[in-house]
Amino acid sequence: MKIAILTPLFPPKHLAGMEIAALKIAKHLSKRNHEVHVITTLDKGLSKESREKDFCVHRIKTSKIPILRTVSYCIKSFFVVKKITPDILHIQTIYLSLSGLLIKKFLHKPYVLYGRGSDVYFSWRLKNLISKPILKNANGVIVLTEDMKREIQKICNRDVFVIPNGIDLKRFKNLSKEDLRSKLEIKEQERAILFVGTLRPVKGVRYLIEAMRFITDKNKNKRLFIVGDGEERKYLEDLVRNLNLEKYVAFIGKVPNEKIPEYMAASDVFVLPSFSEGLPVTVLEAMASGLPIVATNVRGLPEIIKNGENGFLVMPKSTEQIAEKVLLLLEDGELRERISNNNREKVKRYSWESVVEKLEEVYIGCF
């Protein structure tokens, strides 16, 4: 099968959850003998056409004016699809769904939408106008969680498939915690708290930083590592200075995706204080690393985090609850070990091989 994956952003410049998922889907579909073409936007320093190890990437130069960016992508992607003649379109976000509708109407290609999170939950330009027709005309609609499925069905009463994000489990095996802590300069007596993600307000990192005041009041041998970058970084760095937490909070910045397992393996607890999430890859990575998780009780997170079983859920913006659960996990080694074992076992159902096999079934059902 020849498959075109439409995604607004793509590695190596973009490494958030949607982009990493698009890359993994392309790789694993190719391994299953499909011809895969990724159609994305052009980043500075990259070529318009490239051949990765297993698939082709087509990068489109779009307008710098926000209101015209999506329009220019839709028009230009139409001609790329016309040239490569795929059997089916996989659209990695509802934001680009207008492309699928136009291509289906004029090129008669079926399209599958994959809702990822913010495109389902948040308002965006033209959402109310185009959501219902593009969902109704899609040959298949996929989302990450049951909660997202309910949101989609409020807009359009149709069948919706739930297929979660996946993970390459082998990347998280045979990593030495002691060696990695030494490499990352984490002191032997320190307990490492980890956040991985884009630094945007919706991620709620400010509340995790504020929780560090309570956490370090109890025990000074605890440090927060913030892996990632984004629009909120300067604000968060100023917050750390204002709270006199410079010794206890380290901003690592953006790191290559292949290095994420090292930070996971070297840490003791993973925290995700977001206001909204679909099914974040970082949580699956933490599970694969055997990390206990403290996450907010929002959207899709309760579908994978069960209190006391593989982590704890807290209320959004609650610095006290974040601090309480982090301290509980850091100070109770037996609890931490039990949750670690549960996570390593539970994450096995999220292998990319399993996810892509389910995607294939959806594609086949479109014909």
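Residues numbered from 1 in each chain as written. Predicted model: local features only at pLDDT ≥ 70, side-chain atom pairs only at ≥ 80, totals over all residues. Heavy atoms only, no water.

1. Notes on the sheet that holds strand E2 (residues 35-41)
Strand order in the open sheet formed by eight strands is E3-E4-E2-E1-E5-E6-E7-E8, with mixed pairing between adjacent strands. A single partner strand is all that each edge strand has here, and the edge strands are strand E3 (49-51) and strand E8 (161-162). The sheet contact formed by strand E1 (residues 2-6) and E2 spans five bridges and is parallel. Bridge assignment links Ile5 to a residue of E2, and that residue is Val38. The strands touched by helix H1 (residues 17-31) are E1, E2, strand E5 (88-91) and strand E6 (111-114); relative to E1, the strand with the most contacts, the crossing angle is about 175°. (Pairing = 2+ DSSP bridges. Helix = DSSP H or I, 4+ residues; strand = E, 2+ residues; numbered from the N terminus. Contact = heavy atoms within 4.5 Å. Axes fitted to C-alpha atoms, helices over the stretch in contact; angles between N-to-C directions.)

2. Considering the packing of helix H2 (residues 66-84) against helix H3 (residues 97-107)
Their axes nearest at 9 Å, the elements H2 and H3 cross at an angle of 45°. Accordingly, the angle class assigned to the pair H2 and H3 is oblique. Along this stretch, H2 crosses H3, giving a crossing that reads as right-handed. Across from Tyr73, Cys74, Ser77, Phe78, Val81 and Lys82 in H2, the residues of H3 making contact are Leu98, Ser99, Leu102, Ile103, Phe106 and Leu107. Broken down by class, the residue content of the contact of H2 with H3 amounts to nine nonpolar, two polar and one charged. (Parallel < 35°, antiparallel > 145°, perpendicular 65-115°, else oblique. Left-handed = near helix turned anticlockwise from the far one by under 90°. Nonpolar A, V, L, I, M, F, W, Y, C, P; charged D, E, K, R; others polar.)

3. Some thoughts on the packing of aromatic side chains
Per the stated rule, a full pass over the model turns up three aromatic pairs. Taken together, a centroid distance of 5.4 Å and an interplanar angle of 80° make the contact between Phe78 and Phe79 edge-to-face. Sitting over the ring of Phe275, Lys317 keeps its end group 5.4 Å from the ring centre. (Phe/Tyr/Trp six-rings, centres within 6.5 Å; stacked < 30°, edge-to-face > 60°. Lys NZ or Arg CZ within 6 Å of the ring centre and 35° of its normal.)

4. What to know about unusual backbone geometry
In this chain, Pro11 is followed by Pro12 through a cis amide linkage whose omega measures 15°. Its place among the elements puts Pro12 in the loop between E1 and H1. Positive phi values are uncommon outside glycine, yet Asn33 reaches one of about 70°. Mapping Asn33 onto the fold places it in the loop between H1 and E2. Of note in this structure, Asn174 is not a glycine but carries a positive phi near 60°. We classify Asn174 as exposed; its relative accessible area is 82%. (Buried < 20%, exposed > 50% of the residue type's maximum accessible area, 1.4 Å probe, protein only.)

5. Notes on the nonpolar core
Grouped together as the largest cluster of nonpolar side chains are 122 residues, with contacts concentrated most on Ile39, Ile209, Ile226, Phe270 and Val283. Per element, the largest residue contribution to this core is seven residues, and it comes from helix H8 (residues 205-218). Aside from chain neighbours lying at most four places away, what touches Ile226 is Phe195, Leu199, Val205, Ile209, Val249, Ala250, Phe251, Ile252 and Gly253. (Core = buried A, V, L, I, M, F, W, Y, C linked by side-chain atoms within 4.5 Å.)

6. Brief notes about the pattern of salt bridges
A full pass over the atoms with the stated rule returns 22 salt bridges. In this structure, the salt-bridge partner of Asp147 is Arg299, at a minimum N-O distance of 3.6 Å. In this pair, Asp147 sits in helix H6 (residues 146-155) while Arg299 sits in the loop between strand E13 (293-296) and strand E14 (311-314), placing the two residues 152 residues apart along the sequence. Two residues, Asp268 and Lys177, come together in a salt bridge whose shortest N-O distance is 2.8 Å. Here Lys177 lies in helix H7 (residues 177-183) and Asp268 lies in the loop between helix H10 (260-266) and strand E12 (269-272), a separation of 91 residues in the sequence. Given the relative accessible area of 3%, Asp268 is considered buried. (Salt bridge = Lys/Arg side-chain N within 4 Å of Asp/Glu carboxyl O.)

7. Here we look at H8
With 14 residues, H8 should reach 20 Å at 1.5 Å per residue; the first-to-last C-alpha distance of 20 Å fits that figure. Within H8, burial applies to Val205, Tyr207, Leu208, Ile209, Glu210, Ala211, Met212, Ile215 and Thr216. Where H8 is buried, its residues touch strand E9 (191-196), strand E10 (222-227), helix H9 (233-242), strand E11 (249-253), E12 and helix H12 (319-331). (Expected span 1.5 Å × (residues − 1).)

8. Observations regarding the pairing of E2
Here E2 lies mainly inside the structure; six of its seven residues are buried. Crossover E1 to E2 through H1 is right-handed. Inspection of the sheet shows E2 paired to strand E4 (residues 56-60) by five bridges, in the parallel sense. Among the inter-strand pairings, Thr41 is bridged to a residue of E4, identified as Ile60. (Right-handed = clockwise from strand over helix to strand, strands pointing away.)

9. Here's the deal with the side chain of Thr145
The residue Thr145 is located in the loop between strand E7 (140-143) and H6 in this model. Judged by its relative accessible area of 1%, Thr145 falls in the buried class. Every residue in contact with Thr145, bar those within four places of it in the chain, is listed here: Tyr121, Val162, Gly278, Leu279, Gly300 and Glu303.

In short, geometric facts, not functional conclusions.
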